[in-house]
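Fold and contact review
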Amino acid sequence: MTGPSSMDIGVVIPILSKYGGAERYLIECLRRWQERHDITLYSAHVNDALLAEHGVTDRVKRSALTGRFPGDHAFFLNALLLPKIWRSEIGRHDIYHTHLWPTHMVDLHPMVWFPHEPLRLLHDLRYEQNVVEVGKQVAHQIHVYPKYHYDRLGDGVFEATLNAIDAAEKSARPECIVANSRYTAAYLENVYGVPVKDVVYPGIEMDDFIDLPTDPNLFVTVGQLWPHKRIALLIEAIALTDNTQLIVIGTGPEADRLRNLSRVLGVDNRVFFLSGLTNRELRLVLARACAFLFAAIREPFGIVVLEAMAAGKPVIAVDEGGFVEVTTAKSTFLVPPFPSAFAEKISLLQRDPALARRMGEAGRKLAPAYSWNKSASQLESILAGTLRDAEARRPAAKREIARRPLVGIQYYLWYGDGFGEAHWNDNPAFGYVSDKPLLGYYASSRGRTIDYHIDLFEQMGLDFVALNLHVDENGPNGLETVAIQHVFDVARRRGTAIRFAVQICPYGRSVPDAVNIVSVLERLYARDPLSFRYEGKPVLFWFWSSALDGDKAALAALAEAARGFTNIALSLRLPGGAEEARHTFGFFSGFAPYSPLELAEEKNWEHVWQTAYAQAKRAGMGVRLATISPGYDDAAMPDSRREGNPYRTVARRDGETYRRGMTFVESLEMAPHLVMITTFNEFHENSHIEPTLSIGRRYLDLTAEFVARLRDLHGSAK
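This text gives an overview of the structure that appears in the document. Worth saying up front: this structure is predicted, and the values here are computed from it rather than measured.

How each quantity is defined
- Residues numbered from 1 in each chain as written.
- Predicted model: local features only at pLDDT ≥ 70, side-chain atom pairs only at ≥ 80, totals over all residues.
- Heavy atoms only, no water.
- Pairing = 2+ DSSP bridges.
- Helix = DSSP H or I, 4+ residues; strand = E, 2+ residues; numbered from the N terminus.
- Axes fitted to C-alpha atoms, helices over the stretch in contact; angles between N-to-C directions.
- Parallel < 35°, antiparallel > 145°, perpendicular 65-115°, else oblique.
- Contact = heavy atoms within 4.5 Å.
- Nonpolar A, V, L, I, M, F, W, Y, C, P; charged D, E, K, R; others polar.
- 1 Å grid on protein atoms, 1.4 Å probe; cavity = no way out; pocket = protein on both sides within 12 Å on 5 of 7 lines; lining within 4 Å.
- Points joined across faces, edges and corners; volume = space filled by probe spheres on them.
- Disulfide = S-S within 2.5 Å.
- Buried < 20%, exposed > 50% of the residue type's maximum accessible area, 1.4 Å probe, protein only.
- Polar contact = N/O pair within 3.5 Å; in protein donor to acceptor, adjacent residues only side chain to side chain.

**Observations regarding the sheet that holds strand 5 (residues 61-64)**
Strands in a sheet are paired, the pairing made by backbone hydrogen bonds, and the direction either parallel or antiparallel. Taken in spatial order, the seven strands line up as 5-3-1-6-7-11-12 in an open sheet, and their pairing is parallel. At either margin of the open sheet sits one strand with a lone partner, and together these are strand 5 and strand 12 (198-199). Judged from the five bridges that link them, strand 1 (residues 8-12) and strand 3 (residues 38-43) form a sheet pairing that is parallel. By the bridge assignment for strand 3, Val-11 is matched with Leu-41.

As structure tokens, then:
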């Protein structure tokens, strides 16, 4: 099967553990797409053995989602809260293909949603739920596919819960909704009030079916044992016939009730329940049957009907549902949902094997029009078309090769809410702050804080911002992790032109931790349109302490994990020139001092800065990077690790120190690709330019003037 060019597809399905209709549809598509596309499958539970059995290989990456909530109000939480949790766990992809309800509420775009059916509990099955009395309380036993068990919802909150879910779930707007039949398409249009133009029928594999001698007294049905499948109706129909047998293939919470019904009707010796069959075993049973029975309420499609036709079996089914569109009177008896109507047709086929044979042959002729190859190809084309449409609506892509240096800044997100909280004088050794920001002792994770800071970044004309993420023996800083996500969210809502990159700041030598963090960053941010990109890849900055210099195995592990990024070091040392390969083994595309004022005494600044710039070029690094800083002073912090630094205090001189760095950058014969300002708000080392009580907006204005001069000197980057 040929198809559209390669896409990066994020596939989302609540659970993929059984081979039901919706799961079968997805599995058959994955099997046919996996060689051409980069696919990540997101699910709370995946049956890997099931995927392997049906030819889905490890080329389809798996990523676990949070499982369902248990206990009281589980239905409400799983309907509304869980999809939003999933959203935070799903990485960036070209397009999202979501299966079943409520995956559309992850609200990631562009999205093609294949609901298979809406939440029928809200609509045609709203009053089909079992009602039970538990003590003195009346409750509804409710079922939402693909769960195996009932949720129980008290009568007092039943309607309120359904109404709340109904209102909330319609707020999600996928770019495209796909139906498995015209019947379902009309149903979805009625529910969601949007056109559903794309219908892709399920398929079958004709070669999978087996020919065996038929037993004229044997009938079979396949389906989950839920009330809306109306297996009870079929058992009653068998009780109205003579010498017939019914095999019920499926599992579900109604099994005991249905077995009891068989006993009450006196047909427990003629109704048999099977489950856990392999596909071959199911086909063997079907091959022996006289006919296939199907009585489900308003079935969205019903693949088992199509499979029965492919097996050469006549079908007796209710006259409702999507499968009606693929049958004819020559292959199928469509009857009202009465036991007597089914019994009449069962007896007719039982008495007339020739008629059963003719109907089976008619169905077998119809079935080849519906193949999994065709289904997978049509759905693939819809995904590709939706992606093309989404790309056409985006602003024209801009070339990343700048005609002037791109200017960025170090942004610290580790501040708690108020004086005495995290990094606001919470610890004299590393949290001492002497200069109060105009915004007050803000919380970095607050949306208003971030919005205010982005506004300042825009006023300065910055191109990118490095979001610092500190990592220690306990993992990534939790406050920063949340704040980074908030930065992307707030920036997206603002529609800012500024782009954002993460800077990993590791403490120690834990390579596995760093590898894990890189994989998380790639999943969450690498494909985000707001991610700062250079050389065709998202940028990942590293605060490089040199602890891993010369560790070839460690650097190889980092390089493999971060191969999808342009990796740039901001280091406590100078780049090593031609010898740098022995230290970092080609891991970095750019390398510059993090804090350029701490490298030498003032009279040697320009010489050392030029040396660092030249040494990075000699190391063969393609990204030219320069750093500037307004000043430095950490002398008030009694940290023994700082005592060896001879340049703990570097005066600002009313902006003159900052201007020297700017002048150096402007004088470079070979202009840098990137300029990094250290820092926006690192108050403990007094390298900040954020407006404060002591410095006001002075350094903000100096930065804006500097960016404007670079633009005049080298031309616009955009």
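**Section: the packing of helix 15 (residues 511-525) against helix 16 (residues 552-561)**
With their axes 9 Å apart at the nearest point, helix 15 and helix 16 run at an angle of 10 degrees to one another. When the interaxial angle is binned, helix 15 and helix 16 end up roughly parallel. Taken together, the residues of helix 16 that come into contact with helix 15 (itself represented by Val-511, Ala-514, Val-515, Val-518 and Glu-522) are Ala-554, Ala-557, Leu-558 and Ala-561. Across the contact of helix 15 with helix 16, the residue classes tally to eight nonpolar, no polar and one charged.

**Considerations on empty space enclosed by the protein**
Gaps left between atoms show up when a probe the size of a water molecule is rolled over them. Going through the model one piece at a time under the given rule, you end up with eight cavities of 30 Å³ or more. Counted as a void, the second largest cavity has a volume near 80 Å³. Considering the residues around the second largest cavity, the lining is formed by Ala-592, Pro-593, Pro-596, Trp-609, Ala-612, Tyr-613, Leu-625, Ala-626, Thr-627 and Phe-664. Among the residues forming the lining of the second largest cavity, the class breakdown is nine nonpolar, one polar and no charged.

**Remarks on the sheet that holds strand 18 (residues 332-335)**
Taken together, six strands build an open sheet; the order of strands is 15-14-13-16-17-18 and the sheet is parallel. Across the chains shown, the open sheet's two edge strands, defined by having one partner strand only, are strand 15 (271-274) and strand 18. Adjacent strand axes in the sheet meet at a mean angle of 25 degrees, parallel and antiparallel pairs treated alike. Of the pairings in the sheet, the one linking strand 14 (residues 245-249) to strand 15 comprises four bridges and is parallel in character. Bridge pairing links Val-248 to Phe-273 in strand 15. Here helix 6 (residues 231-239) sits on the sheet in contact with strand 13 (218-222), strand 14, strand 15 and strand 16 (291-294), set at roughly 165 degrees to strand 14.

**Let's talk about the state of the cysteines**
If you walk through the whole model with that rule in mind, you get zero disulfides. Here Cys-29 stays unpaired: no disulfide links it, and the sulfur of Cys-176, its closest cysteine neighbor, is 14 Å away. For Cys-29, a relative accessible area of 1% corresponds to the buried category.

**So, the pairing of strand 22 (residues 499-506)**
Of all eight residues making up strand 22, six are buried, and the element is well covered by its neighbours. Sheet topology places strand 20 (residues 464-472) next to strand 22; eight bridges connect them, and they run parallel. Of the residues in strand 22, the one forming a bridge with Val-465 is Phe-500. In this structure, strand 22 lies alongside strand 24 (residues 537-544), joined through three bridges in parallel fashion. Paired with Ile-504 across the two strands is Trp-542, which belongs to strand 24.

**Things to note about the side chain of Thr-584**
Counting through the fold element by element, Thr-584 comes out in helix 17 (residues 580-584). Since its relative accessible area comes to 1%, Thr-584 is described here as buried. Here the side chain of Thr-584 touches Glu-580 through a polar contact of 2.8 Å, side chain to side chain. In contact with Thr-584, other than residues within four places in its own chain, are Trp-544, Asp-549, Leu-555 and Arg-573.

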